[in-house]
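Architecture at a glance
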Amino acid sequence: MKDKDKIDISRFFCWNKNCTEYNKKGQGNIKPAYYDGKDKDILILQCHVCKRKFSENKGTMFFRKQTKKDIIVKALKATSESTGIRATGRIFDINKNTILSWVHQSGTHSEKLEKFFSEFTDT
């Protein structure tokens with residue numbers, strides 16, 4: 001059994017804005033379709049209503065990345081601990097420009113999350 005088989009499907013929603021189930025979580029409208037990626041480790045989900053398929057990574061900074069999530073996370077942790085971009089690239093054998101891109105994307109994603117969650121806490 002893959003760890004992916006343990007994914008909580010209820011946390012996903014349909015990304016199709018034209019679907020009646022768009023942005024609705026835990027409605028039972030999403031089902032696992034298949035695994036994709038080089039190592040078949042990315043779960044592809046499908047909406048029961050509109051039949052659209054999407055990656056478990058849609059809406060995250062990991063979407064369309066060729067590198068495994070754990071490597072990206074470790075590289076980002078290294079940069080947050082004051083390891084330089086070039087040194088991080090050498091440690092993980094990844095181009096420094098890719099590392100820099102991840103740092104930028106993680107910051108942009110964090111800003112979006114902060115804005116999203118601040119809408120719930122601002123009164």
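I will try to describe carefully the structure that is included in this document. (Residues numbered from 1 in each chain as written. Predicted model: local features only at pLDDT ≥ 70, side-chain atom pairs only at ≥ 80, totals over all residues. Heavy atoms only, no water.)

1. Remarks on the overall build of the chain
We apply this condition: Only DSSP runs of H or I with at least four residues qualify as helices, and only runs of E with at least two residues qualify as strands; both kinds are numbered from the N terminus onward. Working definition: with a 1.4 Å probe on protein chains only, accessible area under 20% of the residue-type maximum means buried, over 50% means exposed, and in between means partly exposed. Here a residue-residue contact requires only that any non-hydrogen atoms of the pair lie within 4.5 Å.
Counting its secondary structure elements, the chain contains 3 helices and 3 strands. Ordered by position from N to C terminus, the α and β elements of the chain give β-β-β-α-α-α. Out of the 123 residues in the chain, the part that is buried amounts to 25%. Once local pairs closer than 6 in sequence are excluded, the contacts in the chain between residues at least 24 apart make up 34%.

2. Focus: the sheet that holds strand β1 (residues 30-36)
Which entries qualify depends on this criterion: When DSSP finds two or more bridges between two strands, those strands count as paired. Helix axes are fitted only over the stretch in contact, all axes being lines through C-alpha atoms; the angle between N-to-C directions runs from 0 to 180 degrees.
The strand order β1-β2-β3 describes an open sheet built from 3 strands, whose pairing is antiparallel. Sheet topology places β1 and β3 (53-55) at the edges, where each strand pairs with a single neighbour. Each neighbouring strand pair of the sheet contributes to a mean axis angle of 35°, computed without reference to strand direction. Bridging between β1 and strand β2 (residues 42-47) involves 6 bridges; their strand directions are antiparallel. Opposite Pro32, over in β2, you have Leu45 as the bridge partner.

3. Observations regarding the pattern of salt bridges
How we decide: Salt bridge, as used here, is a side-chain nitrogen of Lys or Arg placed within 4 Å of a carboxyl oxygen of Asp or Glu.
If you walk through the whole model with that rule in mind, you get 4 salt bridges. Its salt-bridge partner being Glu21, residue Lys24 comes within 3.9 Å of it at the nearest N-O pair. With relative accessibility at 35%, the residue Lys24 sits in the partly exposed group. The salt bridge involving Asp41 is made with Lys68; its shortest N-O contact spans 2.6 Å. Here Lys68 lies in the loop between β3 and α1 (69-80) and Asp41 lies in the loop between β1 and β2, a separation of 27 residues in the sequence. Judged by relative accessible area, Asp41 falls into the partly exposed class, the value being 27%.

4. Description of the packing of aromatic side chains
What counts is decided by this rule: In summary, the pairing rule links any two rings of Phe, Tyr or Trp, Trp by its six-membered ring, whose centres are within 6.5 Å, and it sorts them by plane angle into stacked for under 30 degrees, edge-to-face for over 60 and tilted for everything else. In this scheme, Lys NZ or Arg CZ marks a charge over a ring once it lies within 6 Å of the ring centre and within 35 degrees of the ring normal.
Taken as a whole, this structure holds 2 aromatic pairs when the rule is applied. Between Phe116 and Phe117 the ring centres are 5.1 Å apart and the planes differ by 80°, which places this aromatic pair in the edge-to-face class. Above the plane of the ring of Trp15 lies Lys58, whose end atom (NZ or CZ) is 5.4 Å from the centre.

5. Section: the nonpolar core
Applied cut-off: Among the buried residues, those of types Ala, Val, Leu, Ile, Met, Phe, Trp, Tyr and Cys that are joined through side-chain atoms within 4.5 Å form a nonpolar core.
Membership of the largest hydrophobic core is limited to 10 residues, which are Ile7, Ile9, Phe12, Cys14, Cys19, Ile30, Leu43, Leu45, Cys47 and Phe54. The dominant element in this core, judged by the number of residues it contributes, is β2, at 3 residues. By size, the runner-up hydrophobic cluster in this structure holds 7 residues, among which are Ile72, Leu76, Ile99 and Trp102.

6. Some words on a nonpolar patch on the surface
Here is the rule: Surface patches are drawn from residues lacking salt bridges whose relative accessible area is over 30%; two like charges belong together within 9 Å, two nonpolar side chains (Val, Leu, Ile, Met, Phe, Trp, Tyr) within 5 Å. Every accessible area reported is derived by Shrake-Rupley at a probe size of 1.4 Å, with residue values counting cover from the shown protein chains alone.
On the surface, Leu113, Phe116, Phe117 and Phe120 cluster together into a nonpolar patch covering about 440 Å² of accessible area. With respect to the secondary-structure elements, Leu113 resides in helix α3 (residues 96-121).

7. Comments concerning α1
Every α-helix winds through 3.6 residues per turn, so residues three or four apart in the chain are directed the same way. Just so we agree on the cut-off: A helix's residues, less one, multiplied by 1.5 Å, set its expected span. Note: the arc covers the axis-to-C-beta directions of the helix.
The terminal C-alpha atoms of α1, which comprises 12 residues, lie 16 Å apart, in line with the 16 Å expected from a rise of 1.5 Å per residue. Looking at α1, one finds that the buried residues are Ile72, Ala75, Leu76, Ala78 and Thr79. In an axial view of α1, the angular spread of the buried residues amounts to 155°, which keeps them on one side of the axis. Turned more than 90 degrees away from the buried face of α1 sit Lys77 and Ser80, all of them exposed. One or two positions beyond α1, positive phi appears at Ser82, with a value near 75°.

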